[in-house]
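# Structure at a glance
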Amino acid sequence: ILCKNINIQYVRIYMEKNDQINKFVEFSKEIIKTKGINEETLSKISKELSKLSNIEDLFRFGNHRGRGANAAESYVLYEDADPHGPVLQLAKFDGPTAIHNHGSWGALCGYIREQFYTQWAVEDADPQKVIQTLDTIIRPGDYVYWPDVPNDIHKQIPVEDDAWVIIYMGRNAFDTERIVYD
């Protein structure tokens, strides 16, 4: 009987935590639908995303995806049925990424360990050049967001061996060709 109670309790915790993921996705989709992509909505989405960093063992809610374009390992926590819909993933970075984009607006939140995060925007006067707009360290629970194309340019470097982050992209970028900058 005790064993059954533990299993029921585990199922309740599992469903509750998974509910947090679903509620986050519903919230972000609704706010973008009603208010559009802007600084205010991206900030609100990022703050909500940071709440997911409090979930222990977030990995258990994802489908292991393996290596990504930049990630050494990743788990998909949510992938919209619409191929142009949002995607939420847990990603591990074990070395510096190239300066790159994803073809989508999005948000990132620290989960395990720290990483350096740098962001750039295309210069208005010369679209062939970018200017640095942010250079920070992302710790667990810290978050950043980036605007839509063409200003979704960034680079990540783990502070130590590796870092895990939660990434939410407004459009599924798994099969999108990335631009890499030098």
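Described below are features of the structure shown in this document. Within every chain, residues take consecutive numbers counted from 1 along the sequence as written. The predicted nature of this model means local features are confined to residues of pLDDT at least 70 and side-chain atom pairs, given and counted, to a pLDDT of 80 or more, with totals for whole chains, interfaces and linings taken over all residues. Each side-chain value is worked out from all heavy atoms of the structure, with water and hydrogens disregarded.

What follows covers the pattern of salt bridges. Once their charged atoms are close, side chains differing in charge can pair, the charge on each being opposite to the other. Between Lys or Arg on one side and Asp or Glu on the other, a salt bridge is scored when a side-chain nitrogen of the former is within 4 Å of a carboxyl oxygen of the latter. Counted under the stated rule, the structure contains eight salt bridges. With its nearest N and O atoms 3.0 Å apart, the salt bridge here joins Lys-51 to Glu-48. Residue Lys-51 and its partner Glu-48 are located together in helix α2 (residues 39-51), separated by three residues, close to a single helical turn. Think of it in three bands: residues with accessible area under 20% of the maximum for their type are buried, residues over 50% are exposed, and the middle band is partly exposed, with areas taken using a 1.4 Å probe on protein chains only. Take Glu-48: its relative accessible area is 27%, and that puts it in the partly exposed class. Its salt-bridge partner being Lys-92, residue Asp-162 comes within 3.7 Å of it at the nearest N-O pair. Here Lys-92 lies in strand β3 (residues 87-93) and Asp-162 lies in the loop between β9 (153-158) and β10 (163-169), a separation of 70 residues in the sequence. Pair check on accessibility: Asp-162 and Lys-92 agree, each one buried. Under the scheme used here, helices are H or I runs from DSSP no shorter than 4 residues and strands are E runs no shorter than 2 residues, and both carry numbers assigned from the N terminus.

What follows deals with the pairing of strand β5 (residues 106-112). For β5, the buried fraction is high: six of the seven residues fall into the buried class. Sheet topology note: the β5/strand β8 (residues 143-146) ladder contains four bridges and is antiparallel. By the bridge assignment, Cys-109 is partnered in β8 with Tyr-143. One requirement defines pairing of two strands: DSSP has to find at least two bridges between them. Here β5 runs beside β10; their pairing, made up of six bridges, is antiparallel. In the sheet register, Leu-108 faces β10, and the bridge partner there is Ile-167.

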